[in-house]
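Residues per chain, in single letters:
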Amino acid sequence: MPNEKTHADSIRMYLTGAASDGAAQADPDLSLGNYRSSSLVDVLGVSAASLPANITIDQVSAKNGTGSASLTFPTADTARYTAPSGSIGAAVTIANGETKIIEDAGDTSKFVRITRTSVVALTGTATLTLTDVFNNAIGSDNVSDAESTAGDDEIRAICLKNDSASQVTALKVYIGQLGTSGVSDDGQLGAAGSGTVETTGSFADWPDSGFCRIEESNNTHRETVYYTSRTATVLTVPAAGRSQLGTSAAAGNATDLIYAVPGIRIAIEAPTGDASTGNFTDKTGAGEGSIPALTWDSDITAATGLSIGTLATTEIYGLWIRRAVVAGSTAESSVLNKIHLTFEAA
Amino acid sequence: MRRAIRASSMNFRQVGALLAPIQWSSSATIIAYSADGRGQYSIEVLVSPDSFSADARGIYDVKVAASADARGKFALMDLYSQDARGQFAMLAAFTQDGRGVFGVGYITFTADGLGLFRVADDTMDRYELFRGVDGATIDYDSPWETFTTLPHTTAALSVDTTYAFVLRKRNQHNETSLNIQEFTVEIDANGDLVSTRPSAPVNLAIAPAFSGAVLITADYYYVPDGDDAATIFAIWLTTDGSTPDPDIDAVTDTVTMVKADGVAKLSYTSGAFGDGLTAKAIVRTRRIDAGPVDVDSNNTTIVSTTTDTDGPTTPGVDIFFDKIAKQKQ
């Protein structure tokens, strides 16, 4: 029976920007380092229909993705969870006053954390609609016309905390992909300037505009570029879209591997002072445009991403997210930032 | 001085039993193929760990053993198989049994961090005008004109052409309204604007009535036309088999609409005709503009039936009061 703060709920993401560890600071736009806030990062929105009145949904894991999930109550004191496109998980007993995580059977990283608030028997099935969240600490704020015209570079800081009672090991963080990877076998960029990236495969599930990570066939990172538009097989890259995310322009190759990625880099930072209550670089005064002197990474696999390693119970670690906006960016109603975590927990 | 301790078997009972020889060595190699120990730090492989089996009781009993049995605090670490009792009895084992606090270890989990944002481009904040020409389908992928303020004057339109327009609004985040209601502009051959025509009637039908007459019915939903709504049904009817042509023929009859609950209903009975005649009709809605100018809908659907004189004529009715109420035909 998974209690809260176990399994995938062992590591929780908090805002930063607080004056002391665990103090109040709920504005994601002010999540700019210093101390961990008492507020969790809002990673996925949830609205519930037919939820028993004595059940509160505390959080759903972002691993669920968007879509329709269900929370069913087969007996007066048990709950089972089915993630979007998932399979119904094991029944979990939850008594009055308890908080539990209810996991999907196919992937226990997909869970909902609920609290029961009275002894009234649980019954029925609730439908949960899960949606991405705008302007949280991972998405950051909307890009204004001035910023999209001139370009922008800004940061947010979140705090990863081992909220479980045992240690978490092998904690790693890396950038998530936004579409199906491919090969630039039908056209490549030149050594500099505008151009196109073309494939005989398909960009159909890529964002309409965004960033493309180009790797050599041996996975050496060649360049990341920004494309302003695409068709099913062609990405159009302006001159200003070259050399993104700390890379340099380089001529492509027909065997290059291409990935749809968000326009972000990440950096990790150990806390200063106590490993559980210490603080991070403080950018609350300097603002979101002040980039801390950290090592920024844009790798897209656990093996090549950032390794935090072991966090003992209650220990924290800082995760900075740096978002790039290219001058002349295309207007978009919805742009997704995505990061992945892997870890081992009890 | 290096000191190597090699033993095919060892038994110790004391604090630091295995460590004592090592404490005063700068380095040492410990290779125990089997060992038993009881005590604090009873077995600890320090430099070259090659302990293939070990039994121990105590604090930090066994480390880096291929197989081990232990009881104690941090009894076993990094083992391939193990049995243990104690606090943090096993860590990172491939197979394990445990009793105690945090007896059994770990599973790999994943988590995601997701977030959305918008990108603004103020040049996208505009009105977009789409058009269809002479009945052609409107292409919503390519606006005919874009502008940022209203009212807006379009480019000149062609004579003798009918246009259908749809106006949409796009915002700075490249989101557009999805309305599809069209407004029609008709230019005649002289380049004059033809007044906006009312909508055509629907559910048009004709059936034989009494004594060779015909019954014509239709509905007109006037609300969408707003201020351009019709007020009259205009009927063209022939009984010689010819097709009525509103552009040529004079109107047969008109009926003033009675509007209620969004619909005006037509129920028109003609005069009597001969038997077995082909009756054809077309009904249009009509608005009378200032002038007066008749502005009709431009539908062209024809309905037809065959007259029938077999049915009786409708009786006339008189009722008067006398000693007995009578009906007279």
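Just so we're clear, the structure is a prediction, and the values are computed from it rather than from any experiment.

Further remarks concern the overall build of chain A. Secondary structure assignment for chain A yields 1 helix and 23 strands. In terms of overall dimensions, chain A has C-alpha extents of about 65 × 45 × 40 Å along its principal axes. Considering only residue pairs separated by 6 or more positions, chain A has 68% of its internal contacts joining residues 24 or more positions apart. Entry remark: accessible area of chain A is about 12,400 Å², with carbon and sulfur atoms responsible for 49%. Distance between charge centres in chain A, computed from 21 positive and 38 negative side chains, equals 4 Å.

This brings us to the overall build of chain B. Along its length, chain B carries 1 helix and 28 strands. Looking at chain B as a whole, 37% of its 329 residues qualify as buried.

With that settled, consider the interface of chain A and chain B. Listed by partner, the interface residues are 47 residues for chain A and 25 residues for chain B. Buried area between chain A and chain B, both sides added, is near 3,300 Å², and the carbon and sulfur share of it is 56%. Area buried by chain A at its contact with chain B is led by D145(A), A331(A) and V335(A), which between them contribute 16% of it. Between chain A and chain B we count 1 salt bridge in total. Here D112(B) ties to K63(A) by a salt bridge, and the two come within 4.0 Å at their closest N and O atoms. The tally of links from chain A across to chain B stands at 21 residue pairs in polar contact (both at pLDDT 80 or more). Among the secondary structure elements, those contributing two or more residues to the side of chain A that touches chain B are helix 1 (145-150), strand 12 (168-175) and strand 23 (332-345) of chain A. When residues of the side of chain A that touches chain B are assigned to their parent elements, the largest contribution, 14 residues, is made by strand 23 of chain A. Here the side of chain A that touches chain B is built from residues that sort into 19 nonpolar, 20 polar and 8 charged.

Moving on to the sheet that holds strand 4 (residues 55-60) of chain A. All names here are of chain A. The 3 strands lie next to each other as 4-9-8, forming an open sheet whose pairing is antiparallel. Two strands bound the open sheet, and with one partner strand each, they are strand 4 and strand 8 (99-103). If you compare each strand with its neighbour and ignore which way they point, the axes differ by 30° on average.

In this section: the packing of aromatic side chains. Residues and elements named next belong to chain B. Applying the stated criterion across every chain yields a total of 9 aromatic pairs over all chains. Judged by centre distance (5.8 Å) and plane angle (40°), the ring pair of W144 and F165 falls under tilted. Separated by 21 residues along the polypeptide, W144 in the loop between strand 13 (126-133) and strand 14 (145-147) and F165 in strand 15 (residues 161-170) bring together distant segments of the chain. Considering the side-chain rings of Y163 and F165, the 5.8 Å spacing of their centres and the 20° angle between planes classify their relative orientation as stacked. F165 sits in the buried class, given a relative accessible area of 4%. Here the aromatic cluster, defined as three or more aromatic residues joined through ring pairs, consists of W144, Y163, F165 and F183.

Here we take up the pattern of salt bridges. All told, the structure shown has 27 salt bridges over all chains when counted by the stated rule. The closest approach of N and O atoms between E186(B) and R197(B), which form a salt bridge, is 2.9 Å. Remark: R197(B) occurs in the loop between strand 17 (193-194) and strand 18 (202-208) and E186(B) occurs in strand 16 (residues 183-187); sequence separation between them is 11 residues. Under the relative-accessibility criterion, E186(B) is labelled buried at 19%. D289(B) serves as the salt-bridge partner of R287(B), at 2.6 Å between the closest nitrogen and oxygen. Overlapping salt bridges bring together D29(A), D141(A), E154(A), R156(A), E288(A) and R323(A) as one network.

To continue, consider the nonpolar core. Judged by nonpolar contacts, the single largest core of 57 residues is most densely connected at L160(A) and L341(A). Not counting residues up to four positions away in its chain, the partners in contact with L341(A) are I11(A), M13(A), L160(A), L171(A), K172(A), V173(A), F109(B), T110(B) and A111(B). If you look at the next biggest cluster of nonpolar residues, it comprises 20 residues, including F233(B), I235(B), M257(B) and A279(B).

Residues and elements named next belong to chain B. Looking at where T285 falls in the secondary structure, it is placed in strand 24 (residues 278-289). Judged by relative accessible area, T285 falls into the buried class, the value being 0%. One polar contact links the side chain of T285 to the main-chain carbonyl oxygen of S199, over a distance of 2.6 Å. Sequence-distant contacts of T285, that is, excluding residues within four places in its chain, are made with P198, S199, A200, P201, Y220, A230, I232, F233, M257, V295, D296 and S297.

All names here are of chain A. Counting buried positions along strand 15 (residues 210-215) gives 6 out of 6 residues, so the element sits mostly inside the fold. Relative to strand 16 (residues 221-227), strand 15 runs antiparallel, the two sharing 6 bridges. Considered in strand 16, the bridge of G210 is made with Y227. If you look at the hairpin formed by strand 15 and strand 16, you'll find 5 residues sitting between the two strands, and N219 has a positive phi there, around 70°. One ladder, built from 5 bridges, connects strand 15 with strand 19 (residues 257-261); its direction is antiparallel. The residue of strand 19 that forms the bridge with F211 is V261.

Next up on the list: the sheet that holds strand 10 (residues 125-131) of chain A. All names here are of chain A. Strands sit in the order 3-10-5-6-7 across an open sheet of 5 strands; the sheet is antiparallel. Whereas interior strands pair on both sides, the edge strands pair on one side only; in this sheet they are strand 3 (45-49) and strand 7 (92-93). Relative to strand 7, strand 6 (residues 78-82) is paired through 2 bridges, and the arrangement is antiparallel. Residue pairing in the sheet places T78 in a bridge with T93 of strand 7.

This part covers unusual backbone geometry. Geometrically, the link from L150(B) to P151(B) is a cis peptide bond, its omega value of 0° lying close to zero. Its location among the elements puts P151(B) in the loop between strand 14 and strand 15. Not every positive phi belongs to a glycine, and S85(A) is a case in point at roughly 60°. Structurally, the position occupied by S85(A) is in the loop between strand 6 and strand 7. On the accessibility criterion, S85(A) (83% relative accessible area) is exposed. Phi is positive for N135(A), which is not a glycine, with a value near 60°. Tracing the sequence through the fold places N135(A) in the loop between strand 10 and helix 1.

In regular strands, side chains alternate between the two faces of the sheet. Residues and elements named next belong to chain A. In terms of burial, strand 19 is a largely internal element, 4 of the 5 residues being buried. Bridge count between strand 13 (residues 182-183) and strand 19: 2 bridges; the pairing is antiparallel. Paired with G182 across the strands is I258, a residue of strand 19.

The next subject is the environment of S87(A). With respect to the helices and strands, the residue S87(A) is situated in the loop between strand 6 and strand 7. Here the side chain of S87(A) touches G106(A) through a polar contact of 3.3 Å, landing on its backbone nitrogen.

All names here are of chain B. On average, residues of chain B score 76 in pLDDT, and 62% of them reach the 70 mark or higher. Here residues 1-8 is modelled with pLDDT under 50, and outside its nearest four sequence neighbours on either side it reaches 25 contacts, counting other chains as well. Low pLDDT (under 50) marks residues 37-52, which in the prediction has 60 contacts with non-local residues, meaning those over four places away or in another chain. Scored as a whole, the predicted complex attains pTM 0.71, and scored at its interfaces, ipTM 0.94.

Calculation notes
Residues numbered from 1 in each chain as written. Chains lettered and ligands numbered in written order. Predicted model: local features only at pLDDT ≥ 70, side-chain atom pairs only at ≥ 80, totals over all residues. Heavy atoms only, no water. Helix = DSSP H or I, 4+ residues; strand = E, 2+ residues; numbered from the N terminus. Contact = heavy atoms within 4.5 Å. Areas by Shrake-Rupley, 256 points an atom, 1.4 Å probe, with all protein chains shown as cover. Lys, Arg positive; Asp, Glu negative; His and termini not counted. Charge placed at Lys NZ, Arg CZ, Asp CG, Glu CD. Buried < 20%, exposed > 50% of the residue type's maximum accessible area, 1.4 Å probe, protein only. Buried area = accessible area lost by both parts, 1.4 Å probe. Salt bridge = Lys/Arg side-chain N within 4 Å of Asp/Glu carboxyl O. Polar contact = N/O pair within 3.5 Å; in protein donor to acceptor, adjacent residues only side chain to side chain. Nonpolar A, V, L, I, M, F, W, Y, C, P; charged D, E, K, R; others polar. Pairing = 2+ DSSP bridges. Axes fitted to C-alpha atoms, helices over the stretch in contact; angles between N-to-C directions. Phe/Tyr/Trp six-rings, centres within 6.5 Å; stacked < 30°, edge-to-face > 60°. Core = buried A, V, L, I, M, F, W, Y, C linked by side-chain atoms within 4.5 Å. pLDDT = per-residue confidence, 0-100.

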